[in-house]
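Chain by chain, the residues:
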Amino acid sequence: MSYETLMMRLGFPDSEYLRKILEYLMSDEEAKVAAALPGSPEEVAEKLEMDAERVKEILENLFFKGVVFPKDFQKRDYYRFAKDLVQLHDATLASRHMKDAEYARLWKEFGEKEAHARMGQLLALADFKVWRVVPAYGAIKDLPDVLPQENIVEMIKAQEKIAVVPCSCRNVTYLTGDGCNYTDEMSLWHCIQFGRGAEYVITRGSGKEISVDEALEIIKKAEEDGLVHTWPNTGKIVDRRVTVNCNCCSDCCEFFLSAKYGNVPIETMLEKSRYVAYVDEDLCIACGVCEERCHFGAIEIEDVAKVDEEKCFGCGVCVVGCEQEAMKMKVVRPPEHIPS
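Sequence order as written defines the numbering, with residues in each chain counted from 1. Since the coordinates come from a predicted model, pLDDT governs what is reported: local features require at least 70, and pairs of side-chain atoms require 80 or more to be given and counted, while whole-chain, interface and lining totals use all residues. For side-chain calculations, the full set of non-hydrogen atoms in the structure is used, while hydrogens and water are omitted.

**Q** I'd love a proper account of the sheet that holds strand β8 (residues 244–248), names of residues and values included.
**A** Spatially, β6-β4-β5-β8-β7-β3-β9 is the arrangement adopted by the seven strands of the open sheet, whose pairing is mixed. Pairing within the sheet leaves two strands with one partner each, and these edge strands are β6 (208–209) and β9 (270–271). The pairing criterion for strands is at least two bridges between them, as found by DSSP. Counting from the N terminus, the helices are the DSSP runs of H or I reaching at least four residues and the strands are the DSSP runs of E reaching at least two. Sheet analysis places strand β5 (residues 191–194) next to β8, joined by two bridges and oriented antiparallel. Paired with Gln 193 across the strands is Val 244, a residue of β8.

What follows is the structure in structure tokens.
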């Protein structure tokens, strides 16, 4: 019953695909220990009538796998199982040590056959969007009245501890052979961690600690490659809720795949920035680069580029990529659009 218990907690109690993932990830004994959480190793050992040292050994192994999470990363004296499917996905796959193509294939199959659609539909029904788009710094840096909570450079500079890991989503597409159409995740990781998230990455050795300057180089390269900055949907820059800055693409990212397979608009789960793109028609040569770079289908090429403001998320990817400087950004939403 251990696998069934864990499947229930993850919200997919009847999924044969999730069961395959859990069975591949954990032995029966490991699953039994994980299902007995939360608790200390001693509490789990007593509950299961197992040797305490054996339980500690199993929990330590599951911690480094990304399956269980200690309250204190250093002491590791109290653990819980992954709080949801996204955390299990990200913790097990966003690691420099994850090279297992079969494990990635199982997640790809689960996503395409079941998980993406269910997650998209559930997120679309939620009252609050968990993530928001942050505009590319290169697209807004010369504009007036840019808020601190939408200036990705200042947001990065404010962090006390920073680390980086390979993107869990792009690791799946890389290991299953498709790869990303926008960037090479293996040559430069793009999943930037802050605060407790950074502490977790550093302790596990799943990524590496980096400086502010190194993080800003990642941000710059992400914008050049056409990736979309996303952030927890809060105006807080340093906060317990702020543990990661994702740099997303439409062919790999869970947001985009959940919207696609769930047949729901992506704006039901991802909040737009305060900006939209527009075209200086006198400078536009209709080269099509902006249309190719747009992840939201908001640009079409006629005699010149045309932006559909309803579809535009204000990510600024088109602006950064326009060599003619014909794509520009303007504010269309008030400061209170970003929740406090």
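**Q** So, the pairing of strand β3 (residues 131–134): which residues are in play, and what are the values?
**A** The buried label goes to any residue with under 20% of its type's maximum accessible area, the exposed label to any with over 50%, and the partly exposed label to all in between, with areas taken from a 1.4 Å probe on protein chains only. Where burial is concerned, the two faces of β3 agree: the one with Trp 131 and Val 133 and the one with Arg 132 and Val 134 are both buried. With four bridges joining them, β3 and strand β7 (residues 228–232) adopt antiparallel strand pairing. Bridge pairing in β7 links Val 134 to His 229. Where β3 lies against β9, two bridges are found, and the strand directions are parallel. Looking at the pairing, Trp 131 lines up with Leu 270 of β9.

**Q** So what's going on with the nonpolar core? Which residues, and what values?
**A** If you look at the biggest cluster of nonpolar residues, it comprises 47 residues, and the most contacted ones within it are Leu 18, Leu 22, Met 26, Trp 107 and Phe 110. Broken down by element, this core gets its largest block of residues, seven residues, from helix α7 (residues 101–125). We call two residues in contact when some of their heavy atoms are within 4.5 Å. Once you skip the residues sitting within four places of it in the chain, Phe 110 turns out to touch Phe 12, Ser 15, Tyr 17, Leu 18, Ile 21, Leu 85 and Ala 115. We define a nonpolar core as any set of buried Ala, Val, Leu, Ile, Met, Phe, Trp, Tyr and Cys residues linked to one another through side-chain atoms lying within 4.5 Å.

**Q** Could you give an account of the packing of helix α1 (residues 2–9) against helix α2 (residues 16–25), with specific residues and numbers?
**A** Where α1 meets α2, the axes come as close as 10 Å, and the angle between the chain directions of the two elements is 120 degrees. It follows that α1 is oblique to α2 by the angle criterion. In the crossing of α1 with α2, the sense of the turn from one axis to the other is right-handed. Where α1 abuts α2, its residues Tyr 3, Glu 4, Leu 6 and Met 7 lie against Leu 18, Arg 19, Leu 22 and Glu 23. Put simply, Ala, Val, Leu, Ile, Met, Phe, Trp, Tyr, Cys and Pro go in the nonpolar bin, Asp, Glu, Lys and Arg in the charged bin, and everything else, Gly too, in the polar bin. Of the residues contributing to the contact of α1 with α2, the split by class is five nonpolar, no polar and three charged. A fitted line through C-alpha atoms serves as each axis, taken over the contacting stretch for helices, and the angle formed by two N-to-C directions is quoted from 0 to 180°. Angles below 35 degrees are treated as roughly parallel, those above 145 as roughly antiparallel, those between 65 and 115 as roughly perpendicular, and all remaining angles as oblique. For any helix crossing, the convention is left-handed if the near helix is rotated counterclockwise from the far helix by under a right angle, and right-handed if that rotation is clockwise.

**Q** Can you break down the packing of helix α4 (residues 41–48) against helix α5 (residues 52–65) residue by residue, with the values?
**A** Where α4 meets α5, the closest approach of the two axes is 8 Å, and the angle between their N-to-C directions is 120 degrees. Considering their axes alone, α4 and α5 lie oblique with respect to each other. Both α4 and α5 take part in a crossing whose hand is right-handed. Residues Pro 41, Glu 42, Val 44 and Ala 45 of α4 touch α5, and the partners they reach there are Ala 52, Val 55, Lys 56 and Leu 59.

**Q** How would you summarise α5 if you had to cite specific residues and measurements?
**A** Every α-helix winds through 3.6 residues per turn, so residues three or four apart in the chain are directed the same way. Look at α5: 20 Å from first C-alpha to last across 14 residues, which is about the 20 Å you get at 1.5 Å a residue. Residues of α5 that are buried include every one of Val 55, Ile 58, Leu 59, Leu 62 and Phe 63, and no others. In a view along the axis of α5, the buried residues occupy a sector of 140 degrees, so they form one face of it. On the buried face of α5, the contacting elements are α3 (28–35), α4, β1 (68–70), β2 (79–81) and α11 (195–204). Pairs of N or O atoms within 3.5 Å make up the polar contacts considered here, provided that, within protein, one atom can donate a hydrogen while the other can accept it, and that residues adjacent in sequence are counted only when both atoms are side-chain atoms. The N-cap of α5, judged by a side-chain oxygen 3.2 Å from the amide nitrogen of Glu 53 a few residues on, is Asp 51. One or two steps after α5, the chain reaches Gly 66, where phi turns positive at roughly 95 degrees. Multiplying one less than the number of residues by 1.5 Å gives the expected span of a helix. Relevant arc is that of directions from the helix axis to the C-beta atoms, nothing else.

**Q** Could you give an account of the packing of aromatic side chains, naming the residues involved and the relevant values?
**A** Any pair of Phe, Tyr and Trp rings, taking the six-membered ring for Trp, is counted once the centres come within 6.5 Å. Such a pair is stacked with planes under 30 degrees apart, edge-to-face with planes over 60 apart, and tilted for the rest. Throughout the structure, instances matching the rule amount to 12 aromatic pairs. Both rings, one in Tyr 103 and one in Trp 107, keep their centres 6.4 Å apart while their planes meet at 85 degrees; by these two values the pair is edge-to-face. Of this pair, Tyr 103 and Trp 107 both sit in helix α7, four residues apart, which is roughly one turn of the helix. We note that Tyr 103, like Trp 107, is buried.

**Q** Requested: an account of the pattern of salt bridges, with residues and values cited.
**A** Every case where a carboxyl oxygen of Asp or Glu lies within 4 Å of a side-chain nitrogen of Lys or Arg is listed as a salt bridge. Across all of its chains, the model carries 24 salt bridges by this definition. Notably, a salt bridge pairs Glu 114 with Arg 118, separated by 3.3 Å at the nearest N-O pair. Pair noted here: Glu 114 and Arg 118 are both in helix α7, with a separation of four residues, about one helical turn. We classify Glu 114 as buried; its relative accessible area is 17%. Arg 118 gets classed as partly exposed once you look at its relative accessible area, which sits at 31%.

**Q** So what's going on with a negative patch on the surface? Which residues, and what values?
**A** A residue counts toward a patch only above 30% relative accessible area and without a salt bridge, and it is joined to like-charged neighbours within 9 Å or, for Val, Leu, Ile, Met, Phe, Trp and Tyr, to nonpolar neighbours within 5 Å. Surface accessibility follows the Shrake-Rupley procedure with a 1.4 Å probe radius. Residue values consider only the protein chains on display as shielding. The charge count includes Lys and Arg as positive and Asp and Glu as negative, but it does not include His or the ends of the chains. For this purpose, a charge sits on NZ of Lys, CZ of Arg, CG of Asp or CD of Glu. Together, Glu 267, Glu 291, Glu 292, Glu 300, Glu 302, Asp 303, Asp 308 and Glu 310 line one region of the surface with negative charge. Among the structural elements, Glu 310 can be located in the loop between β12 (305–307) and α15 (317–321). Exposure remark for Glu 310: the relative accessible area of 63% places this residue in the exposed category.

**Q** How would you summarise unusual backbone geometry if you had to cite specific residues and measurements?
**A** With omega at 10 degrees, the peptide bond leading from Leu 37 into Pro 38 counts as cis. Relative to the helices and strands, Pro 38 resides in the loop between α3 and α4. With a phi angle near 55 degrees, Glu 49 is a residue other than glycine that sits in the positive phi range. Looking at the secondary structure, you find Glu 49 in the loop between α4 and α5. On the basis of relative accessibility, which here comes to 76%, the residue Glu 49 falls in the exposed class. The phi angle at Asn 263 is positive, at roughly 55 degrees, despite the residue not being glycine. Note that Asn 263 resides in the loop between α13 (254–262) and β9. The class of Asn 263 is exposed, set by a relative accessible area of 72%.

Taken by themselves, the reported measurements are silent on function.
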